[in-house]
Amino acid sequence: MENAPKADKVQGPGEAYPAYYGGGQGGYGVLGQGESQMHRSMQDYLLILRERVWYIVLVFALVFSAAVIFTFTRVPRYTSVASVQVFRNDPVVMQVQSVVNNEIRSAEDLNTQVKVLESLAIVQRVADRLTGADLELFMAPFKSPGAEVPITAAEVVYLNRKIVPVRLSLVLQVQFSHPDKLMAAKVANLFIDEYIAYNSRLRIEDSMKAVDDLKERADQQKKRVEEMAIILQNYREKNQQVSLDQRKDIVTEKLKALNAYVTQTTSRLNEAEVRWRQVQERKATPALLLELPFIASQSLIVQLVQQVAAQKIVLAQMRERYRDKHPRMIEAHNSLTQTEKELGRAIDSMAATVEADFQTARRNDEDARANLARQEKESLDLDRDAVEYSNLERDLAINEHLLNTLLSRMRETSMSSTIETQSARVVDRASPALKPASPNVLLNLALGFLGGLALGTAFAFFVAYVDDRVKSSFDIESVIGLPLVGIIPEIKRMDQPDKAQIVINNQDKQVVESFLTLHSSLRLKDESKAAQAILVTSTIPGEGKSFTTTNLALTFAAHGEKVVVIDCDLRKPNIHKSFRLENIKGVIDVCAGTHTIDQVVIKGVHPNLDVIPAGGRAKNPTQILNSRNFEHLLADLRKRYDRVFIDTPPLAAVSDALIILPLVDGSIFTIFFNRVRRKAAQFSARKLLEANVPCFGAVLNGLNLAVSGYYYAQYYDKSYKDYYVTMAKQDGEPDAR
């Protein structure tokens, strides 16, 4: 395992982080809101499947077994197919339009014929054709002893028939499935026979009904025409229709002239209104009125404007020679003022003229519109007098034409109803099938195989989605937001004190090498290299923070640095057990002022390593850690030792570590493989980072080497495993794994 490269800075959860061991490509995780947007590669998904391959195997076995059982327990069924061709047009015997239009013009028309074949009417007629021995043979496979409601022949026919249009043709296939192949062929043929007979019978019945209806309607229409003719004649004599037509022409010409005049008055009104509105908008400031072309172009105003300009020039020239109170200056000022007043009166007069023009145009427009309205009313009155006559005349013509149409149609329909034609013909009659259509063994087994794989894969991904425990570098670096600075393999069958001092007793070569790599990683970073007081914590109990603290301290001590380990877990102290020491006096006594550091420190536990136990269990640990004496304790230890390692309680349980955090140079976050939830670890890591104290990174503890390839293939090379085993044998030590 290579040393981790140095990171530029520590970032909070959810931020992009410099990848310490390949950027977390060996793991996977479910990103929440605000988390890093690192993307998983195809290898990540393959690792998910590889880890949960037994889920896939189990689901696959269940689905495939179900498919096999379903396939080989079904009763074989035979399917026979009969074909019928639907004519695009009915056969033409006479050039007469039929009552029922069976022309096939579009896919909708063809689909209508399909629905006719599928209809309950055809199904019932086919079922009625099955009688006697045929009915018994047909119903034998479907009779269920003890059934409360026996199934009928029509229901069997309905459930087992299928109508299939042949693509790009007017041919319809009738498929029928039955355990008896002879019966399947017979029923399929009955379907097409009944379909052809049904269409023919329907056409004849509709034609005969149409003839009766047409005859009745023709008699009624004849009476209606006679009545309309009498009413029209009476109205013509009463209203003198010829004089009404001449008057209508005169009124119409006058109405056109008034319409043209209204158009002219409206145009003039619009022009006058535009000028008037422009004047109203600038009336408060005469200078703005001069901007309007129709005012500025007036000859009087032009002259006055020129006079004002000339007088202003003269006044400016005189000001160079005379003062303001000079008689000539006063005279020039008075003359300019008089001219400006005349200009203002001229502008006001022009504005009043524009308003008068607007009022005049509005009155003219109102008068023109009133005259037009009167003329329109006169025209409407005249139209109202003539409209009834026109309606009567038109109704008579329509009724006469309708009567002729009804009589003609009645004769045609009567003739066509006696001619027997068919709208379809049989293409192929059904014959008994040579082999069963179902069950399809190959298809069912293929579906079971593919479905089992698909469901098994989906179930594996579902389990991976539900499992939110931290187990991959992706979870640590992307979700939690901390760099992964070290990985400690899992240690089995070893006492706690031996584990806590494994870098000294050398019982596991890989673990020792992992701590050496962690030591190198910390020394490569400027912040951790210069850090003197280092706090070690975790999310929940049992993640190996004390184990990490003691072995990391021993590693620094082995490299010649003077190190002290402080047990600040005042609720459940553990460091004294790790070194097989007594926990009689320690941090609690120093903070209480009853002992000095020299009295509580246990020196020479290992070369260059001293230990300060907790000194028992405290009832008020937060008060002790917040005290001045604790601050003085850490300050004094900084002067005596090169490194001060502080073991603290888990962050998710209590806040003791956050109290100590401002007093140290940095922290190390311990995570146990596949134990802590991602959200809990992310929340605890955020607490560390929000304190503005550098977090050197996360140490993954307890990695199971059997699954390391799933998540950390880039961390451990299998080729080094034999090396560690050989070294252990040479040293005469048992393999800890």
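Residues numbered from 1 in each chain as written. Predicted model: local features only at pLDDT ≥ 70, side-chain atom pairs only at ≥ 80, totals over all residues. Heavy atoms only, no water.

**As for helix 19 (residues 545–558)**
Now for step 1: With 14 residues, helix 19 should cover 20 Å at 1.5 Å per step; its first-to-last C-alpha distance of 20 Å lies within 8% of that length.
Now for step 2: Where helix 19 ends, the next residue or the one after it, G560, has phi of about 90°, a positive value. (Helix = DSSP H or I, 4+ residues; strand = E, 2+ residues; numbered from the N terminus. Expected span 1.5 Å × (residues − 1).)

**A short note on the sheet that holds strand 1 (residues 78–86)**
Now for step 1: With antiparallel pairing, 4 strands are arranged side by side in an open sheet as 2-3-1-4. Looking at strand neighbours, the two that pair on one side only are strand 2 (161–165) and strand 4 (424–428), the edges of this open sheet. Averaged over all pairs of adjacent strands, the angle between strand axes in this sheet comes to 30°, irrespective of strand direction. (Pairing = 2+ DSSP bridges. Axes fitted to C-alpha atoms, helices over the stretch in contact; angles between N-to-C directions.)

**Some words on the nonpolar core**
Now for step 1: Counting 50 residues, the largest nonpolar core has I566, I612, F630, I660 and I671 as the members making the most contacts within it.
Now for step 2: Those residues in contact with I566 that lie beyond four places of it in its chain are V587, I612, L634, L637, V644, F645, I646 and D647. (Core = buried A, V, L, I, M, F, W, Y, C linked by side-chain atoms within 4.5 Å. Buried < 20%, exposed > 50% of the residue type's maximum accessible area, 1.4 Å probe, protein only. Contact = heavy atoms within 4.5 Å.)

**A closer look at the UniProt feature "transmembrane region" (unreviewed entry) in the protein chain**
Now for step 1: On the UniProt side, "transmembrane region" (unreviewed entry) is annotated at positions that read residues 53–72, 651–673 and 693–713 here.
Now for step 2: Helix makes up 100% of residues 53–72 and strand 0%. Its end C-alpha atoms lie 28 Å apart.
Now for step 3: The span residues 651–673 is 22% helical and 30% strand by assignment, and the distance between its end C-alpha atoms comes to 17 Å. (UniProt positions renumbered as here; feature names shortened; annotations may be inferred.)

**Re the pattern of salt bridges**
When their charged atoms lie close together, side chains carrying opposite charge are able to pair.
Now for step 1: One pass over the full model with this rule turns up 15 salt bridges.
Now for step 2: Residue K115 is joined to E118 by a salt bridge in which the shortest nitrogen-to-oxygen separation is 3.3 Å. You can see K115 and its partner E118 sitting in helix 3 (residues 107–118), 3 residues apart, about one turn around the helix.
Now for step 3: Judged by its relative accessible area of 23%, E118 falls in the partly exposed class.
Now for step 4: We note a salt bridge from K545 to D569, for which the minimum N-O separation is 3.6 Å. Residue K545 is found in helix 19, and its partner D569 is found in the loop between strand 7 (563–567) and helix 20 (575–578); the two are separated by 24 residues along the sequence.
Now for step 5: Judged by its relative accessible area of 8%, K545 is buried.
Now for step 6: On the basis of relative accessible area, D569 is assigned to the buried category, the value being 7%. (Salt bridge = Lys/Arg side-chain N within 4 Å of Asp/Glu carboxyl O.)

**Remarks on a nonpolar patch on the surface**
Now for step 1: A cluster of nonpolar side chains, Y55, F459, F462, Y465 and V466, forms an exposed patch at the surface whose accessible area comes to about 530 Å².
Now for step 2: Among the elements that take part in the nonpolar patch, helix 13 (residues 441–466) stands out by supplying 4 residues, more than any other.
Now for step 3: Its location among the elements puts Y55 in helix 2 (residues 53–73).
Now for step 4: In this structure Y55 comes out as partly exposed when scored by relative accessible area, which is 37%. (Patch = residues over 30% accessible without salt bridge, like charges linked within 9 Å, V, L, I, M, F, W, Y side chains within 5 Å. Areas by Shrake-Rupley, 256 points an atom, 1.4 Å probe, with all protein chains shown as cover.)

**Describing helix 26 (residues 678–690)**
Now for step 1: Look at helix 26: 18 Å from first C-alpha to last across 13 residues, which is about the 18 Å you get at 1.5 Å a residue.
Now for step 2: Buried within helix 26 are the following residues: R678, A681, Q682, S684, A685, L688 and L689. Taken down its axis, helix 26 places every buried residue within 165° of arc, on the same side.
Now for step 3: Contact partners of the buried residues in helix 26: helix 14 (473–480), strand 6 (533–538), strand 11 (666–672) and strand 12 (695–703).
Now for step 4: In the stretch just after helix 26, N692 is the one whose phi turns positive, near 60°. (Arc of directions from axis to C-beta.)

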